[in-house]
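# Summary of the model geometry
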Amino acid sequence: MRAPWQLADPNDPGNLTMLAWTIYISFLAVPVLLLLPKTSSRAARVFALLAAAAGFAVTLWGFAQQQSGALVTVARIPWVPSLGFEYHLAADGVSMTLLLLTGIVAISGVLFSWNIEHRTREFFAFYLALIGGVYGVFLSFDLLLLFVFYEIAIIPKYFLIAIWGSTRREYAAMKLALYSFVGSAMVLVGLIAAYVVAGTRTMDLVQLSQFPFPAHFQMWAFPLVFLGFGILAGLWPFHTWAPTGHVAAPTAASMLLAGVVMKLGAYGCLRVAMTLFPRGLDAWGFHVLGFGSWRDVFAVLALIGIVYGAMVALVQRDFKFVIGYSSVSHMGFVLLGLMTLQQVGLDGAVLQMFSHGVLAGLLFAVVGRMVYDRTHTRDLSELERMDLSKALPFAAVTFVLAGMASVGLPGFSGFVAELQVLIGTWRAFPSFAIVAGLGIVIGIAYTWRAMQKAFFGAPSHSASAPTAPLPPISLAERIGAVILLCASVIIGLYPQLLLRVIGPALHSPLFDGLWKGSGR
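Residues numbered from 1 in each chain as written. Predicted model: local features only at pLDDT ≥ 70, side-chain atom pairs only at ≥ 80, totals over all residues. Heavy atoms only, no water.

## Some remarks on the overall build of the protein
- Per the secondary structure count, the protein includes 21 helices and four strands.
- Its C-alpha radius of gyration of 22 Å places the protein within 12% of the 24 Å reference for a compact globule of 520 residues.
- Seen through its principal axes, the protein has C-alpha atoms that stretch 70 × 55 × 40 Å.
- Counting across all 520 residues of the protein, residues that qualify as buried make up 63%.
- Taking as baseline every contact in the protein between residues at least 6 positions apart, the subset at least 24 positions apart corresponds to 81%.
- For the protein, the exposed area adds up to about 18,200 Å²; of that, 70% sits on carbon and sulfur atoms.
- Of the charged side chains in the protein, 30 are positive and 22 negative, and the gap between their average positions amounts to 4 Å. (Helix = DSSP H or I, 4+ residues; strand = E, 2+ residues; numbered from the N terminus. Rg over C-alpha atoms; globule rule 2.2 N^0.38 Å. Buried < 20%, exposed > 50% of the residue type's maximum accessible area, 1.4 Å probe, protein only. Contact = heavy atoms within 4.5 Å. Areas by Shrake-Rupley, 256 points an atom, 1.4 Å probe, with all protein chains shown as cover. Lys, Arg positive; Asp, Glu negative; His and termini not counted. Charge placed at Lys NZ, Arg CZ, Asp CG, Glu CD.)

## Details of the pattern of salt bridges
- Applying the stated criterion across every chain yields a total of 13 salt bridges.
- For Glu122, the salt bridge goes to Arg121, with nearest N and O atoms at 3.6 Å.
- For Glu122, a relative accessible area of 18% gives the class buried.
- Of the charged contacts in the structure, one is a salt bridge between Arg378 and Asp318, with a shortest N-O distance of 3.0 Å. Taken together, the residues span a long stretch of sequence, with Arg378 in the loop between helix 13 (343-375) and helix 14 (380-383) and Asp318 in the loop between helix 11 (294-314) and helix 12 (319-340) at a distance of 60 residues. Pair check on accessibility: Arg378 and Asp318 agree, each one buried.
- Overlapping salt bridges, with partners in common, bring together Arg369, Asp373, Arg374 and Glu477 in one network. (Salt bridge = Lys/Arg side-chain N within 4 Å of Asp/Glu carboxyl O.)

## Side note on the confidence of the model for the protein
- Predicted confidence across the protein gives a mean pLDDT of 87, with 95% of residues reaching 70 or more.
- Across the protein, element-level confidence peaks in helix 11 with a mean pLDDT of 93 and bottoms out in helix 21 (residues 512-515) with 78.
- Confidence drops under a pLDDT of 50 for residues 1-14, and excluding neighbours within four residues, the segment shows 27 contacts in the predicted structure. (pLDDT = per-residue confidence, 0-100.)

## Focus on the side chain of Glu122
- Here Glu122 shows up in helix 4 (residues 120-139).
- In contact with Glu122, other than residues within four places in its own chain, are Leu34 and Trp164.

## Things to note about empty space enclosed by the protein
- Per the stated rule, a full pass over the model turns up three cavities of 30 Å³ or more.
- Quantified by volume, the largest cavity comes out at close to 80 Å³.
- In this structure, the largest cavity is lined by 13 residues; those nearest its centre are His330, His356, Leu359, Ala360 and Ser406.
- Those elements that provide at least two residues to the lining of the largest cavity are helix 12, helix 13, helix 16 (393-406) and helix 17 (413-428).
- Each residue belonging to the lining of the largest cavity can be placed in one class, and the counts come to four nonpolar, eight polar and one charged. (1 Å grid on protein atoms, 1.4 Å probe; cavity = no way out; pocket = protein on both sides within 12 Å on 5 of 7 lines; lining within 4 Å. Points joined across faces, edges and corners; volume = space filled by probe spheres on them. Nonpolar A, V, L, I, M, F, W, Y, C, P; charged D, E, K, R; others polar.)

## Digging into the pairing of strand 2 (residues 85-91)
- Of all seven residues in strand 2, seven are buried; the element is thus mostly enclosed.
- Judged by which residues are buried, strand 2 turns out to be covered on both faces: Phe85, Tyr87, Leu89 and Ala91 on one side and Glu86, His88 and Ala90 on the other are all buried.
- As paired strands, strand 1 (residues 72-80) and strand 2 are joined by seven bridges and run antiparallel to one another. Residue Pro78 lies in a different strand from strand 2, and its bridge partner there is Glu86.
- Between strand 1 and the antiparallel strand that follows it, strand 2, lie four residues; Gly84 among them carries a positive phi value of about 85°. (Pairing = 2+ DSSP bridges.)

## Overview of unusual backbone geometry
- For the bond from Trp236 to Pro237, the omega torsion is 5°, close enough to zero to count as cis.
- Tracing the chain through its elements places Pro237 in the loop between helix 8 (215-232) and helix 9 (241-248).
- Unlike most non-glycine residues, Arg119 shows phi in positive territory, near 50°.
- Assignment of secondary structure puts Arg119 in the loop between helix 3 (93-111) and helix 4.

## Quick notes on the environment of Gln218
- When you line up the elements, Gln218 lands in helix 8.
- The buried category is assigned to Gln218, whose relative accessible area is 4%.
- Here Gln218 is in contact with Phe213, Pro223, Leu276, Phe277, Pro278, Arg279 and Gly280, once residues within four sequence places are set aside.

## Quick notes on helix 6 (residues 169-198)
- Taking 1.5 Å of rise per residue, the 30 residues of helix 6 would be expected to cover 44 Å, and the 43 Å separating its terminal C-alpha atoms lies within 8% of that figure.
- Among the residues trailing helix 6, Gly199 stands out with phi positive, at a value near 65°. (Expected span 1.5 Å × (residues − 1).)

Written as structure tokens, this is what we have:
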């Protein structure tokens, strides 16, 4: 019997070679969309939905085939043989979890973009190019290939915001792109350094994870790569692109930004920085400002992000900014879970990536599509006078459920994920767990405040109140909301569905150095 970490035999029926088609379908759909007649907006929507659904179907099939968390080769052929670079795609339990998330959010994003009329073909072409890049990152096990897909995902999100965005869209798109490229440059320096130091003429993640990089090298390479990826994950104080980008982006782009793009950063922190340079988390042997290791530094930054994001969300007047800053807070739990270096904490961090992806996507869909596109305002003081619980009852119910799920209501995915992170934090940093718990309490407060003001405020008959009935929630929006809610409920009621593949993946030889580090 093959150990749960080994590469699958090509003749194994559990082989996941079909997973490569998640990338191919997404990219091949782009030129097809652009070849459609300019007036065929409906055809573009339907085709984009079919492409997203096909990618999700392949992912779902792969997930059903591979339930052991094994690292399975999807495709492996020489790419640049002279330098040892390969087109190496593979998947384990962590990858499968995030591929599943990407497929769910991709379908929902198309459904919530059914109203797009301006340059519809181009919108969905950029959308699917972004999805293809995300799939590529989660499947790449050659580090150069991973970096290429990582960069591919940056370009479409710039255009999605700059062309179809709203509030200060050019500024937000440029800020997001600049932050992303700065982080990418840091990552690239770290990867090139690893390639040169290893001297093995390969960028294969599995092989490099077994190479004994010198401790002094890991001590500077780890923070460089972790911070480079952490920028895209919303790590405080490098998070400021996130709320601005979320607010300016069209609904589907907001869903992708919060749902999967921020997960690219967290995934890179775990898959690349912590896998290649685990000794970078060891103690320095001295203290600076009370910090004794990079682990301490990043744990504190994650903790600040949790509390800071929640406190800023509590005082926002713009409905979408509330959700934007809440994403910074919830991503702090992912990064804090990674820094616990505890099995339960790491399990919780990966599960939180999935949970936050579906719930943040749903919250942005409610705020951006269901509310803003109908009322043309995101000001909570104006929404308070519109009695939206009666004007848009489906939106009100959806926001209540999504909001409660995001703050950890039992029965939803957020409860299991954040509970595991808190348990891991208590074991690693007991005092940090208390502060993180405070962040959850503040999260309840800002969610309740936004819910009360946006949907259950005192109705007014002033001039600012709508004089005509608001358009009803469409069938496409209802289906998209139900998909995301069901995903959260299923994992909330049966988290083992994902945990049984996440756990073995985190105990593969890829992470041997992480578990065997000094003091762990």
